[in-house]
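Fold and geometry: a report
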Amino acid sequence: MKKTILSTSVLLTTILLHLSCSQQQSSVDADVDKILSEMTLEQKVGQMAQITLDVIGNGETRHSSNVPFEIDSARIRKALVDYHIGSILNTTNNYALPPEQWNQLISYIQKIAMEETKARIPVIYGIDAIHGATYTDGAIMFPQQISLAATFNTSHAYNTATVSAYETRASGIPWNFSPVLDLGADPRFSRQYEGFGEDPYLVKSMGLAMLAGYEGINDSIGSKYKVASCLKHYLGYSVPFSGKDRTPAYIPDNILREYHLEPFRAAVEAGAESVMINSGIINGVTIHASHDLITKLLKEELKFEGVVVTDWMDIINLHTRDKIAQSHKEAIKLAVNAGIDMSMIPYEYETFCTNLVELVKEGEVKESRIDDAVRRILKLKLKLNLWEHPVTNISDYPEFGSEKSARLAYEAAAEAITLLKNQNSTLPLQKDAKVLVCGPNANSMRSLNGGWSYSWQGEKTERFTSRFNTILEAIQNEIGAQNVKYVPGVSYINEGMYFEDKDDNFSEAIRSAATVDAVILCVGENSYCEKPGDLNDLTLSANQLRLAKELAGTGKPVILVLNEGRPRSIHSIEPDMKAVVQTYLPGNYGGDALADILFGDVNPSGRLPYTYPSYPNSLVTYYHKPSEEQKRAEGAYVYESDYNPQYEFGHGLSYTTFEYSNLKVSNSTFTEKDVLKVTVDVKNTGSRSGKESILLYSSDVYASMTPDVKRLRRFTKINLEPGQSQTVEFEIRAKDLAFVNQYGLWVTEPGDFELMISGLRTNITFKN
Ligand code: BGC
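Per chain, residue numbering runs from 1 following the sequence as it is written. Thresholds applied to this predicted model are a pLDDT of at least 70 for local features of residues and 80 or more for the giving and counting of side-chain atom pairs; totals over whole chains, interfaces and linings are not thresholded and use all residues. Calculated side-chain values reflect all of the structure's heavy atoms, with hydrogen atoms and water omitted.

1. Some remarks on the overall build of the protein
The condition that has to hold: In this text, helices come from DSSP runs of H or I with a minimum length of four residues, and strands from runs of E with a minimum of two, each type numbered from the N-terminal end. Radius of gyration means the value over C-alpha atoms here, while the globule rule gives 2.2 Å times the residue count to the 0.38 power. Throughout, exposure labels follow a simple rule: accessible area from a 1.4 Å probe, protein chains only, divided by the maximum for the residue type, with under 20% read as buried, over 50% as exposed, and the rest as partly exposed. Contact between two residues is taken to exist if any of their heavy atoms lie within 4.5 Å; hydrogens are not considered. All accessible areas in this document rest on Shrake-Rupley with a 1.4 Å probe, and a residue is counted as covered only by the protein chains that are shown. For the purpose of counting charges, residues Lys and Arg are taken to be positive, whereas Asp and Glu are taken to be negative. His and the chain ends are not included. The location of each charge is read from NZ of Lys, CZ of Arg, CG of Asp or CD of Glu.
Broken down by element type, the protein carries 19 helices and 30 strands. Over its C-alpha trace the protein gives a radius of gyration of 27 Å, about what one expects of a compact globule, namely 27 Å for 768 residues. Across the 768 residues in the protein, those meeting the buried criterion constitute 60%. Counted over contacts in the protein with a minimum sequence separation of 6, partners at least 24 positions apart contribute 77%. Summing over all exposed atoms, the protein offers an accessible surface of approximately 29300 Å²; the carbon and sulfur share of this is 50%. Separation of charge centres in the protein, based on 75 positive and 95 negative side chains, amounts to 2 Å.

Structure, rendered in structure tokens:
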């Protein structure tokens, strides 16, 4: 009886919710139709145009120029009043502004848009607040997405996005170009850290959590605490053949669907409001001109109803860079007909506006296509409540930069940091130990945060972060400055390219090792992003390797701390390191979290969200094919094709030990309708409490296309006290074990599957 009452009330609530959603929806649709019916073609085209702040500004937004940014009254009027521009985004030169200043800027923009233009349509401002409100001084800077993935705990993605949404809106900005749902399957790629790692299921799960944090669980972007998200970069952006940003990728259709599309599909189904297009080329097709990928796949098959925005300059790029359009005008025609709704132009907007109007008049672009695009844009603006609240006021955001949010950032960093090696329990160190701290990442807030921090390349970070602790400062706080000797040994050349470093008291660093109990060597990369972050050699820099080797040569235990956006190869020094800790890009509280782990206040629980390669020529994901593990081929040809990662996907150590037993499945045979319950017992057999991520993998024993050796299907994270055990349960169905076959169809083929958790395995059989 109780059960019936409960389910009826749940049902009622659901129906009411649906009713109110659809009522809301139809009233938004009616409003959109009304606004659209009163617009001229020129006004509609203007709504499809997005320009950068520089275009309407005077002075520079560059911090180095020290000229405060000011909107130029003539230029803003030309853009908004004469050309009806509907959207503005940040510039590459911008740096973080206090929220009050953001409010002033956005107020000015909205005042012109809503008081001086004929259509009175508010502007939608977009920004890359990808790990916190990146461009707002005083906002909480969270770990980057790659770190969130390493927590294997979706609540960190949700929390990060919830606070980022709040603080972005507090700055008056309603549209966030995040999350990145690209598959981090190539460690060479400069944007690997912007994503959730190499596994499609991990990317999907974290992506959905982040989306819920940004847009609200019930799509509440009208709330002043939420933002519209933007899934990027649709599709297949992150695996260019050369490893370099914005160069061609070659991805078979079945791989594109099974690995790359799936996170986007799920996020579109969950109601994501906008999508940004991949700036690259896949299988010879430039995505910005692909009707098949944008209209057929995204809008028709996946039923995406939101806004499709280009990436930076990517319409003109069809002409100037990719050479598939003979003129800028033809490029506009190709992209808009392919299904682009908004062009991130972002500089010279006059050509886009006049050419698109002409194209419609000439019959080359149908007005119905323009109407479709503008309908999507207006709907987004209405859902964001921009007419009622075109700008926000910081005084309505008492939680901006709060201690509570800072705590969330610290906790995410602490759960992400991954202990990769710990020979003879070198870690944790004793608190009375004397240590030498060195390496180019030891005293840098810039490298803890990475790119997209306070500015595009993150090079101005230090100006905003004096109140936070570098790794060195956090260690000094932890064990007392008198126990810490700091000699960099190697430093980055901060005014140079991100990869440039130089000796900095190198010999003194080596000499100093003799005076301490242990060496904490902090290496990795300086901040970068996108094209400037391209890389020619995945191996860690020569100076840093030499420093590691010589320090190890002193006989003192060296703890290698990695602080890097992608896994730089360390195979030549790794055997000499007593412990290795990966911090990824842990944000402003990363130094504190690391110090707590190094000295045992926190038990590490992160796991690698990607395969850490040993060699630059051996870049294989964990979901490779069996042939990629064979050491030798038989017969005349003898060749090496070994699977030899430095550390595997999912690897991560703890200061305690966990024992797994009793892996069981509710049924050993199953059909499409069955829900299998998979259970396993996990016990903390060590002497410290600890968090453990439990990862369920499957492998298809035989299939019509060579199956992957294994695939992650579920994960969860638990906390266990010493001696405590817990039974963990996962549910899976036949469709969770499916793959995309050579005809592009998702199939689960009858036959045996193996399920694996930690070292345990069991077989199940699928029957049609
Ligand atoms: C990047 C996007 C970003 C956009 C706007 C582009 O260069 O590829 O990820 O959202 O700039 O800043």
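2. Quick notes on the sheet that holds strand β19 (residues 558–563)
Test applied: Strand pairing is defined by DSSP finding a minimum of two bridges between the two strands. For helices, the fitted line uses only the C-alpha atoms of the stretch in contact; every axis is such a line through C-alpha atoms, and the angle between N-to-C directions lies from 0 to 180 degrees.
Read from one edge of the open sheet, six strands run β13-β20-β19-β18-β14-β15, paired in mixed fashion. The open sheet has two free edges, formed respectively by β13 (418–422) and β15 (484–486), since each of these has just one partner strand. This sheet shows a mean twist of 20° between the axes of neighbouring strands, independent of strand direction. Sheet topology places strand β18 (residues 518–524) next to β19; six bridges connect them, and they run parallel. Note on β19: the bridge partner recorded for glycine 524 is asparagine 563. Seen against the sheet, helix α18 (residues 542–553) touches β14 (435–438), β18 and β19 and runs at an angle of roughly 170° to β18.

3. Some points on the side chain of asparagine 176
To keep things clear, this is the line we draw: We define a polar contact as two N or O atoms separated by no more than 3.5 Å, with the added condition that, inside protein, one atom must be a possible hydrogen donor and the other a possible acceptor, whereas residues neighbouring each other in sequence contribute only through side-chain atom pairs.
Looking at where asparagine 176 falls in the secondary structure, it is placed in strand β6 (residues 175–176). In this structure the side chain of asparagine 176 is engaged in a polar contact, spanning 3.5 Å, whose partner is the side chain of tyrosine 214. Those residues in contact with asparagine 176 that sit more than four places away from it in its chain are Ile127, Asp128, Ala129, Ile130, Tyr214, Val227, Ala228, Ser229 and Cys230.

4. Brief notes about the pairing of strand β8 (residues 274–277)
The test is simple: By the criterion used throughout, a crossover qualifies as right-handed when its path from the first strand across the helix to the second strand runs clockwise, the strands pointing away from the viewer.
Here β8 shows two buried faces, one formed by Ser274 and Met276 and the other by Val275 and Ile277. Pairing analysis gives two bridges linking strand β7 (residues 231–234) to β8, with the strands arranged parallel. Looking at β8, one finds that leucine 231 is bridged to valine 275. At this point the chain moves from β7, through helix α8 (residues 253–269), to the parallel β8, and the crossover so formed is right-handed.

5. Some thoughts on the site of the ligand
Heads up, the rule is: The rule for a residue being near a molecule or strand is that one of its heavy atoms must lie within 4 Å of it.
Taken together, 13 residues sit near the ligand, with Asp128, Arg191, His233, Asp311 and Glu530 positioned nearest. Separating an oxygen atom of the ligand from a side-chain N or O atom of aspartate 128 is a distance of 2.5 Å. Separating an oxygen atom of the ligand from a side-chain N or O atom of arginine 191 is a distance of 2.7 Å. About the coverage of the ligand: the protein hides 94% of its 310 Å² of free accessible area.

6. Remarks on the environment of methionine 756
With respect to the secondary-structure elements, methionine 756 resides in strand β29 (residues 751–757). Considered as a pair, methionine 756 and serine 698 are 58 residues apart in the sequence and their alpha carbons are 6.0 Å apart. Excluding residues within four positions of it along the chain, methionine 756 makes contact with Leu695, Leu696, Tyr697, Ser698, Ser699, Lys710 and Arg761.

7. Things to note about the domain arrangement of the protein
As a reminder of what qualifies: Boundaries between domains were set according to an automatic or database domain assignment.
Under the domain assignment used here, the protein contains domain 1 (27–392), domain 2 (403–598) and domain 3 (658–766). Taken over C-alpha atoms, the centre of domain 2 sits 36 Å from the centre of domain 3.

8. As for the nonpolar core
The line we're drawing: Put simply, a nonpolar core is a bunch of buried Ala, Val, Leu, Ile, Met, Phe, Trp, Tyr and Cys residues held in one set by side-chain atoms that sit within 4.5 Å of each other.
Judged by nonpolar contacts, the single largest core of 217 residues is most densely connected at Val435, Ile475 and Ile520. By size, the runner-up hydrophobic cluster in this structure holds 23 residues, among which are Tyr660, Val665, Val678 and Ile694.

9. Some points on helix α6 (residues 154–170)
Selection rule: Take the number of residues in a helix, subtract one, and multiply by 1.5 Å to get its expected span.
Counted at 1.5 Å a residue, the expected span for α6 with its 17 residues is 24 Å, and the 24 Å between its end C-alpha atoms agrees. Residues His156, Ala157, Thr160, Ala161, Val163, Ser164, Ala165, Tyr166, Glu167, Thr168, Arg169 and Ala170 constitute the buried set of α6. Those residues of α6 that are buried are in contact with α4 (99–116), β5 (124–127), α5 (145–150), α7 (200–215) and α14 (403–416). A positive phi of about 85° marks glycine 172, the residue just after α6.

10. Section: the packing of aromatic side chains
This is how it is decided: Ring pairs shown here join Phe, Tyr and Trp side chains whose ring centres sit within 6.5 Å, with only the six-membered ring taken for Trp; geometry is labelled stacked below 30 degrees between planes, edge-to-face above 60, and tilted in between. Put simply, a charge is over a ring when the Lys NZ or the Arg CZ is close to the ring centre, within 6 Å, and near the line of the ring normal, within 35 degrees.
In this structure the tally under the stated criterion is 27 aromatic pairs. Centre to centre, the rings of tyrosine 498 and tyrosine 528 are 4.6 Å apart; their planes meet at 50°, and the pair counts as tilted. Of this pair, tyrosine 498 sits in the loop between β16 (489–492) and β17 (501–504) while tyrosine 528 sits in the loop between β18 and α18, and the two are 30 residues apart along the sequence. Residue tyrosine 498 is classed as buried on the basis of its relative accessible area of 6%. We classify tyrosine 528 as buried; its relative accessible area is 2%. Three or more aromatic residues link up through ring pairs in this structure, and these residues are Phe152, Tyr201, Tyr259, Tyr622, Tyr623, Phe649, Tyr697 and Phe715. One Lys or Arg, arginine 546, reaches over the ring of phenylalanine 506 and ends 4.3 Å from the middle of that ring.

11. Here we look at the packing of α7 against α8
Here is the rule: An angle below 35 degrees is treated as roughly parallel, one above 145 as roughly antiparallel, one from 65 to 115 as roughly perpendicular, and anything else as oblique. Helix crossings get a hand from a simple test, with the near helix turned counterclockwise from the far one by less than a right angle marking a left-handed crossing and a clockwise turn marking a right-handed one. We call Asp, Glu, Lys and Arg charged. Ala, Val, Leu, Ile, Met, Phe, Trp, Tyr, Cys and Pro are nonpolar, and the rest, Gly among them, are polar.
α8 packs onto α7 with a crossing angle of 20° between their chain directions and a minimal axis gap of 9 Å. With respect to their mutual orientation, α7 and α8 come out roughly parallel. Handedness of the α7/α8 crossing: right-handed. Here Pro200, Val203, Lys204, Leu208 and Leu211 of α7 lie close against α8, whose contacting residues are Glu258, Tyr259, Glu262, Pro263, Arg265, Ala266 and Ala267. In terms of residue class, the contact of α7 with α8 is made up of eight nonpolar, no polar and four charged.

12. Here we look at the sheet that holds strand β11 (residues 307–309)
Taken in spatial order, the three strands line up as β7-β8-β11 in an open sheet, and their pairing is parallel. Edge positions in the open sheet fall to β7 and β11, since each of these has one partner strand only. Taken pair by pair, the neighbouring strands of this sheet meet at an average axis angle of 25°, ignoring direction. Looking at chain direction, β8 and β11 are connected through three bridges and run parallel. Within the sheet, the bridge partner assigned to methionine 276 lies in β11 and is valine 309.

13. A look at the layout of surface pockets
Applied cut-off: A pocket, in this scheme, is an open set of points on a 1 Å grid over the protein atoms alone with protein on both sides within 12 Å along at least 5 of 7 lines, while a cavity is a set where a 1.4 Å probe fits but cannot get out; residues line either one if an atom lies within 4 Å of a point. Grid points are joined across faces, edges and corners, and a volume is the space filled by probe spheres set on the points.
Considering only enclosed or pocket space, the second largest pocket measures out at about 660 Å³ in volume. Lining the second largest pocket are 23 residues, and of these Ala185, Val239, Ile255, Leu619 and Thr621 sit closest to its centre. Broken down by class, the residue content of the lining of the second largest pocket amounts to 15 nonpolar, three polar and five charged.

14. Description of α14
Over its 14 residues, α14 extends 20 Å from the first C-alpha to the last, a length consistent with the 20 Å expected when each residue adds 1.5 Å. Of the residues making up α14, those classed as buried are Ser405, Ala406, Ala409, Tyr410, Ala412, Ala413, Ala414, Glu415 and Ala416. Buried residues along α14 sit in contact with α5, α6, β13, α19 (590–598), β24 (690–700) and β25 (711–720).

15. Comments concerning the packing of helix α11 (residues 328–338) against helix α12 (residues 349–361)
Across the interface, α11 lies against α12 with an axial gap of 9 Å and an inter-helix angle of 70°. Taken as axis vectors, α11 and α12 run roughly perpendicular relative to one another. Once α11 is placed against α12, the crossing between them reads as right-handed. Together, His328, Lys329, Ile332, Lys333 and Val336 of α11 and Thr351, Phe352, Asn355, Leu356, Glu358 and Leu359 of α12 make up the contact between the two elements. Its residues placed into classes, the contact of α11 with α12 shows five nonpolar, three polar and three charged.

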